[in-house]
Amino acid sequence: MQVRFGIMADSHIEFMHDGPSRVRAFLEACKEEKCDFCVDLGDFCPPGEMGAAAKEEIRTLLRTFPIPFYTVLGNHDMDENRKSDVRAFLGFEKQPYSFDLGGVHFVFPDTCFYREGAKEMAYDHGNYRSTHGAISVLPSRELARLRTDLAAAKHPAVLFTHHSLIESRTGIRNPHSLRNAIKDAPCGVLLCACGHEHVDRLSEKDGTYYLCINSMSYYWAGEKYDHTTYGEAIEREHPLLRMVFPYRDPLFAIVEITDGAITVRGRASEIVGMGPSEMAFTKKGLSDPITAAITDRVLPIGR
Ligand SMILES: [Fe+2]
Ligand SMILES: [Fe+2]
């Protein structure tokens, strides 16, 4: 195996005052590192009025970017849209469900579904907020699709999703069904990479690594922690900045997979202004530390 890719998550372009420059830094690094492709893990750049100029800038950047760029849908991408709107806006209608490169099988399962009783519903115009606690599920149809895909794979797989595929505060609600699909995959699954949680975390289960990629931009603090970081002029235009712990520099990682290891080279920065400790920040069920970093890691394969 020999493949290298750039990975970013949760840039939330419309919240940020400097979204395009963050994405630009990521794309530049992917070019410098001669990545085979780039991937974004959602909550990225949906159509809508908020941050419209920044989003247009991103679309222009992506149209002319010379390295293949893939994305998965995040929950906030569908706050004001249907999935098809988001894919069309970014020009990703024809993105494959999976592909092979450098001896690795890459797959993009869609976790943007929730259960309402027995019904499995696709995220659509913020509907997922209606059922308390029903954050995300990998529905039976998606699970079957993944099983079929993995059964036919000729190489070990890497899965990219927005929500965590292993137990976590806001991961999918049916991780056991997913793990059975992974166990049955003839060539195995090396790595499941997710976004959504805006934290930097690694877990491992049955020989598969589960890596949560920190947000490119910030940790969400919430209205209770409303505070100023950038001053009135910027925050008038970008009011949600008052509710976050922003990261000074864009976070992303360059990942290389070889026969011996998965090597993650992340970026480290710092929180701008008041951070979680100064604000005595707490969140129910949160066990991960809030850090402006994606940790460098070497994850051995085939031990
Ligand atoms: Fe997010
Ligand atoms: Fe999210």
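So, a few notes on the structure that sits alongside this text.

1. Considerations on the overall build of the protein
When helices and strands are counted, the protein shows six helices and 16 strands. Computed over the C-alpha atoms, the radius of gyration of the protein is 18 Å, within 12% of the 19 Å expected from 2.2 N^0.38 for a compact globule of 303 residues. Summarising the internal contacts of the protein: among those between residues at least 6 apart in sequence, 73% fall at separations of at least 24.

2. What to know about the environment of Gln95
Here Gln95 lies in the loop between helix 3 (83-90) and strand 4 (98-101). The exposure class assigned to Gln95 is partly exposed, which follows from the 15 C-beta atoms found within 10 Å. Each C-alpha atom of the pair Gln95 and Arg147 lies 19 Å from the other, and the pair is 52 residues apart in sequence.

3. Comments concerning the pairing of strand 5 (residues 104-107)
A regular strand places its side chains on the two faces of the sheet in alternate fashion. Across the two faces of strand 5 the burial is the same, with Val104 and Phe106 and His105 and Val107 all buried. As paired elements, strand 4 and strand 5 share four bridges and run antiparallel to each other. Each bridged residue has a counterpart across the sheet, and for Phe99 the counterpart in strand 5 is Phe106. Linkage of strand 4 to strand 5, two consecutive antiparallel strands, is achieved through a turn of two residues, within which Gly102 is found at a positive phi near 60°.

4. Quick look at unusual backbone geometry
With a phi close to 55°, Lys34 is a non-glycine residue in the positive phi region. Residue placement: Lys34 occurs in the loop between helix 1 (19-32) and strand 2 (37-40). Its identity is not glycine, yet His196 carries a phi of approximately 75°, on the positive side. For His196, the position within the fold is in the loop between strand 9 (189-194) and strand 10 (201-205).

5. Brief notes about the nonpolar core
Core analysis: the largest hydrophobic core is formed by 81 residues, its most contacted members being Ile7, Ala157, Val158, Phe160, Ala193 and Ile213. Looking at this core, the element that brings in the most residues is strand 9, giving six residues. Ala157 has contacts with His105, Val107, Leu150, Ala185, Cys187, Val189 and Leu190, leaving out every residue within four places of it along the chain.

6. Brief notes about helix 2 (residues 52-64)
Compared with the 18 Å implied by 1.5 Å per residue over 13 residues, the 19 Å span of helix 2 between its first and last C-alpha is a close match. Residues of helix 2 that are buried: Ala54, Lys55 and Ile58. Within helix 2, the buried residues cover an arc of 95° as seen down the axis, which keeps them to one side. Opposite the buried face of helix 2, at more than 90 degrees from it, the exposed residues are Ala52, Ala53, Glu56, Thr60, Arg63 and Thr64. On its buried face, helix 2 is in contact with helix 1.

7. A few points about the sheet that holds strand 9
With mixed pairing, six strands are arranged side by side in an open sheet as 4-5-8-9-11-10. For this open sheet the edge positions go to strand 4 and strand 10, each flanked by a neighbour on one side alone. Each strand of the sheet is rotated relative to its neighbour by a mean of 20°, with strand direction disregarded. Alignment of strand 8 (residues 157-160) against strand 9, held across four bridges, turns out to be parallel. Its bridge partner being in strand 9, Val158 is matched across the sheet by Leu191.

8. Concerning the sheet that holds strand 16 (residues 297-300)
In sheet architecture, strand pairing relies on hydrogen bonds along the backbone and comes in two forms, parallel and antiparallel. One open sheet accounts for six strands, arranged 3-2-1-14-15-16; its pairing is mixed. At either margin of the open sheet sits one strand with a lone partner, and together these are strand 3 (69-71) and strand 16. With strand direction ignored, the average angle separating the axes of adjacent strands in the sheet is 20°. The pairing of strand 2 with strand 3 spans three bridges and is parallel. By the bridge assignment, Val39 is partnered in strand 3 with Tyr70.

9. Structural notes on the packing of helix 1 against helix 2
Two elements in contact, helix 1 and helix 2, have axes separated by 9 Å at closest approach and are oriented at 20°. Relative to helix 2, helix 1 is oriented roughly parallel. At the point where helix 1 passes helix 2, the crossing takes the right-handed sense. Across from Gly19, Pro20, Val23, Arg24 and Leu27 in helix 1, the residues of helix 2 making contact are Ala54, Glu57, Ile58 and Leu61.

Scoring rules and cut-offs
Residues numbered from 1 in each chain as written. Chains lettered and ligands numbered in written order. Predicted model: local features only at pLDDT ≥ 70, side-chain atom pairs only at ≥ 80, totals over all residues. Helix = DSSP H or I, 4+ residues; strand = E, 2+ residues; numbered from the N terminus. Rg over C-alpha atoms; globule rule 2.2 N^0.38 Å. Contact = placed C-beta atoms within 7 Å. Buried ≥ 20, exposed ≤ 12 C-beta atoms within 10 Å, placed from the backbone. Pairing = 2+ DSSP bridges. Core = buried A, V, L, I, M, F, W, Y, C linked by C-beta atoms within 7 Å. Expected span 1.5 Å × (residues − 1). Arc of directions from axis to C-beta. Axes fitted to C-alpha atoms, helices over the stretch in contact; angles between N-to-C directions. Parallel < 35°, antiparallel > 145°, perpendicular 65-115°, else oblique. Left-handed = near helix turned anticlockwise from the far one by under 90°.

These values are about where atoms sit, not about what they do.
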